[in-house]
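Close look at the chain arrangement
Below, each chain spelled out in residue letters.
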Amino acid sequence: MKKSLLLFICAPLLLFTSCSNDDDGGLNPTSADVTVQDFMWKAMNFWYFWQADVPDLADDRFTTNQEYTEYLQGNPNPTDFIESLRFSEDRFTFYNEDFEVLLNSLSGIRKSNGLQLFSADLSADNTDNLFLFVRNVVPGSDAADKGIMRGDVFYGINGQALTSDNLSDLLSADTYTLNKGELDVTNRLVNETTEEITLTKEENLLEPPIRLATTIDVNGTKIGYLVYQRFNSDFNEELNDAFGQFKADGVTDLVLDLRYNPGGSVNTTRLLASMIYGTNTNELFIRQRWNSKRQANFSSEQLEDYFANSTGVSPINTLNLNRVYVLATGNSASASELLINGLDPYVEVIHIGTTTRGKNEFSISLVDLPENNYQYSPSTQDQIPSDNKWIIQPLVGRNENSVGFLDFTSGFTPDFEIREDVFNLSSFGNLEEPLLAKAIEEITGFTSKSLNNKSRASDIPNDLIEFDYEEGIMVLDKQIDLN
């Protein structure tokens, strides 16, 4: 699927009223050369989760406009300036000089050839060369059209051997030629071939969030298997339809594959949780925790999100499960982890894979619109100053589950640790794929032969795999007013 239009599936739809940004004492710069820094400081002072922990963001940090202006002028590079405001524990605040680029990326839209990779320094190889293993291919992309599949391997780009020094530059080109390798599984090496594949990146390529939704029948047990790549609210109806098919198929167990899911919409997370567990709108799913200044602005009704009985368009198709198998890795972050945490008080969540990323903060999109408390909204997009298109995506709060747990900064550890092996990257839905095979074993007792091979974490060298992943995304997208 390809789209060129700008989507706002992750952009918050928050409306802020009856509150103005007077926390900063009404500071106004005395010079026009700090427009971007002024926006960044005021937006961070108002919203940032760790505002009280950053001395330079204190409400009383500056006593005069001149002092404030000199501070802003002291760091003329906007990137360096926003970095100077980050708290030491903040791993995930990000930003861009063009709001459209960042909002597109939140929606899974980017300039890409559709190739998603692991880079690996093979311990059996006696060089410092890296090898690229395909972990994912976006449907409809140039990579998909050229026949590249998950598990393929490449030893070079444009005829050059790959190293840690040249890999990023080679992959950043709009067009490049991949030199394909051949797996020597026995010796865990890659042999060179003469096959070459040239790929070209496409502007505004959209990665569909649902990669595979199928029902697997194992000796009469109906198992729903969903490969879900991103919590994208533009596809809520497709997600609900997939669960409708699971219901029609008589699914009694669910394997939710989030191994490459960096997160996304908080509301879509709530809807998916309802499709798994149930539609009792009196049961609390999650509760927001903002910084100490903002928390008081919200009522309990505004802070709390309950399980849903509708997507807003159609009734929720729920499986009413009391157990779910989640395939998750270090590439599973934010909304993926929120789903695990929110379901945990109600459902037995059996985690197969490796420890998740550990991002438990949500963000909102902030632009230079002080009259809207800097909050981005599609309805006010044309009011963003043409000379300041910067957007920041700071961490502004955390979500706790119904029993008050929110501290998963170290990630969720698996119940069954199985690390992906680049020499055994089976296609999604293949019953011999190690992570899926383990889930099926737990559900049915049937043990795949792949689990007797080198798929256990203890059998895979730690230096074998280096992940390339997106930053975690958990974007609040509910309508809420400041009191």
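Residues numbered from 1 in each chain as written. Predicted model: local features only at pLDDT ≥ 70, side-chain atom pairs only at ≥ 80, totals over all residues. Heavy atoms only, no water.

Moving on to the overall build of the protein chain. Scanning the protein chain from N- to C-terminus turns up 12 helices and 23 strands. The buried share of the protein chain, reckoned over its 483 residues, is 58%. Nonlocal contacts in the protein chain, meaning residues at least 24 apart in sequence, comprise 75% of its contacts between residues at least 6 apart. Within the structure as shown, the protein chain displays about 18800 Å² of accessible surface, and the carbon and sulfur contribution to it stands at 43%. (Helix = DSSP H or I, 4+ residues; strand = E, 2+ residues; numbered from the N terminus. Buried < 20%, exposed > 50% of the residue type's maximum accessible area, 1.4 Å probe, protein only. Contact = heavy atoms within 4.5 Å. Areas by Shrake-Rupley, 256 points an atom, 1.4 Å probe, with all protein chains shown as cover.)

This next bit is on the pattern of salt bridges. Enumeration over the complete set of coordinates arrives at 24 salt bridges. Two residues, Asp59 and Lys293, come together in a salt bridge whose shortest N-O distance is 3.0 Å. Residue Asp59 is found in the loop between helix H1 (35-47) and helix H2 (65-73), and its partner Lys293 is found in helix H9 (residues 292-295); the two are separated by 234 residues along the sequence. For Asp59, a relative accessible area of 30% corresponds to the partly exposed category. On the basis of relative accessible area, Lys293 is assigned to the buried category, the value being 17%. Connected through shared salt-bridge partners, Arg150, Asp257, Arg259, Glu420 and Glu433 make up one network. (Salt bridge = Lys/Arg side-chain N within 4 Å of Asp/Glu carboxyl O.)

Before going further, it helps to spend a moment on the sheet that holds strand S10 (residues 210-218). What the six strands build is an open sheet, ordered S10-S11-S12-S16-S17-S21; its pairing is mixed. At either end of the open sheet lies a strand with only one pairing partner, and these are S10 and strand S21 (416-417). Pairing between strand S17 (residues 348-353) and S21: two bridges, direction parallel. Counterpart to Ile352 in the pairing with S21 is Phe416. (Pairing = 2+ DSSP bridges.)

All right, on to the packing of helix H8 (residues 266-276) against helix H11 (residues 335-343) then. Helix packing for two helices is described by the angle between their axes and how far apart those axes are. Interaxial distance between H8 and H11 falls to 10 Å at its minimum, and their mutual angle equals 45°. The orientation of H8 with respect to H11, classified from their angle, is oblique. Handedness of the H8/H11 crossing: right-handed. Here Val266, Thr269, Leu272, Ala273 and Ile276 of H8 come into contact with H11, specifically with Ala335, Leu338, Leu339 and Leu343. Per-class residue counts for the contact of H8 with H11 are eight nonpolar, one polar and no charged. (Axes fitted to C-alpha atoms, helices over the stretch in contact; angles between N-to-C directions. Parallel < 35°, antiparallel > 145°, perpendicular 65-115°, else oblique. Left-handed = near helix turned anticlockwise from the far one by under 90°. Nonpolar A, V, L, I, M, F, W, Y, C, P; charged D, E, K, R; others polar.)

What follows concerns the nonpolar core. The nonpolar side chains of soluble globular proteins are, as a tendency, buried together. Grouped together as the largest cluster of nonpolar side chains are 74 residues, with contacts concentrated most on Trp41, Phe243, Leu272, Ile276, Leu339, Leu343 and Ile392. The leading source of residues in this core is H1, at eight residues. Not counting residues within four places of it along the chain, the set of residues in contact with Leu339 comprises Phe231, Leu256, Leu258, Thr269, Leu272, Ala273, Ile276 and Phe285. (Core = buried A, V, L, I, M, F, W, Y, C linked by side-chain atoms within 4.5 Å.)

Bringing the side chain of Thr269 into the picture now. Within the secondary structure layout, Thr269 lies in helix H8. We classify Thr269 as buried; its relative accessible area is 0%. Beyond its immediate stretch of four places on either side in the chain, Thr269 contacts Phe231, Phe285, Ala335, Leu338 and Leu339.

Glancing now at the confidence of the model for the protein chain. For the protein chain, per-residue confidence averages 89 on the pLDDT scale, and residues scoring 70 or more make up 88% of the total. Across residues 1-18, confidence stays below pLDDT 50; counting only partners more than four residues off in sequence or on other chains, it has 76 contacts. Every residue in residues 454-469 is under pLDDT 50, and counting partners more than four places away or in other chains gives 47 contacts. (pLDDT = per-residue confidence, 0-100.)

A few words now on unusual backbone geometry. Of note, Arg188 is a non-glycine position whose phi angle comes to about 55°, a positive value. With respect to the secondary-structure elements, Arg188 resides in the loop between strand S7 (175-184) and strand S8 (189-200). For Arg188, a relative accessible area of 14% corresponds to the buried category. Positive phi, close to 55°, is recorded for Asn373, a residue that is not glycine.

By convention here, two paired aromatic rings are described through the distance between centres and the angle between planes. Within the structure shown, the criterion is met by 25 aromatic pairs. Ring geometry for Tyr260 and Phe428: centres 6.2 Å apart, planes at 65°, overall edge-to-face. In this pair, Tyr260 sits in the loop between strand S12 (253-257) and strand S13 (263-265) while Phe428 sits in the loop between S21 and helix H12 (434-444), placing the two residues 168 residues apart along the sequence. Just as Tyr260 is buried, Phe428 falls in that class too. An aromatic cluster is built from Trp41, Phe62, Tyr68, Tyr71 and Phe81, whose rings are joined through pairwise contacts. Between Arg61 and the ring centre of Tyr71, over which it is positioned, the NZ or CZ distance is 5.2 Å. If you follow Arg294 out to its NZ or CZ, it ends over the ring of Phe46, 3.8 Å from the centre. (Phe/Tyr/Trp six-rings, centres within 6.5 Å; stacked < 30°, edge-to-face > 60°. Lys NZ or Arg CZ within 6 Å of the ring centre and 35° of its normal.)

Most of H8 sits out of view: 10 of its 11 residues are buried. Of the positions making up H8, those classed as buried are Val266, Thr268, Thr269, Arg270, Leu271, Leu272, Ala273, Ser274, Met275 and Ile276. Its side-chain oxygen placed 3.2 Å from the backbone nitrogen of Asn267, Ser265 serves as the N-cap of H8. (Polar contact = N/O pair within 3.5 Å; in protein donor to acceptor, adjacent residues only side chain to side chain.)

Turning next to the side chain of Ser365. The topology assignment puts Ser365 in the loop between strand S18 (361-363) and strand S19 (391-393). Within the local environment of Ser365, its side chain forms a polar contact with the side chain of Gln393, the two groups lying 2.7 Å apart.

Tracing the backbone through its elements, the reader meets Lys389 in the loop between S18 and S19. In this structure Lys389 comes out as partly exposed when scored by relative accessible area, which is 30%. In the structure, Lys389 is positioned 353 residues away from Val36 in sequence and 8.8 Å away in space, judged by C-alpha atoms. In contact with Lys389, other than residues within four places in its own chain, are Asn96, Glu97, Asp98, Phe99 and Ile384.

What follows deals with the pairing of strand S20 (residues 395-401). The element S20 is extensively covered by neighbouring structure, given that seven of its seven residues are classed as buried. Across five bridges, strand S14 (residues 284-290) lies against S20 in antiparallel orientation. Bridging across to S20, Gln288 finds its partner in Asn399. Here three bridges tie S18 to S20, and the two strands are oriented antiparallel to one another. Residue Glu361 lies in a different strand from S20, and its bridge partner there is Arg398.

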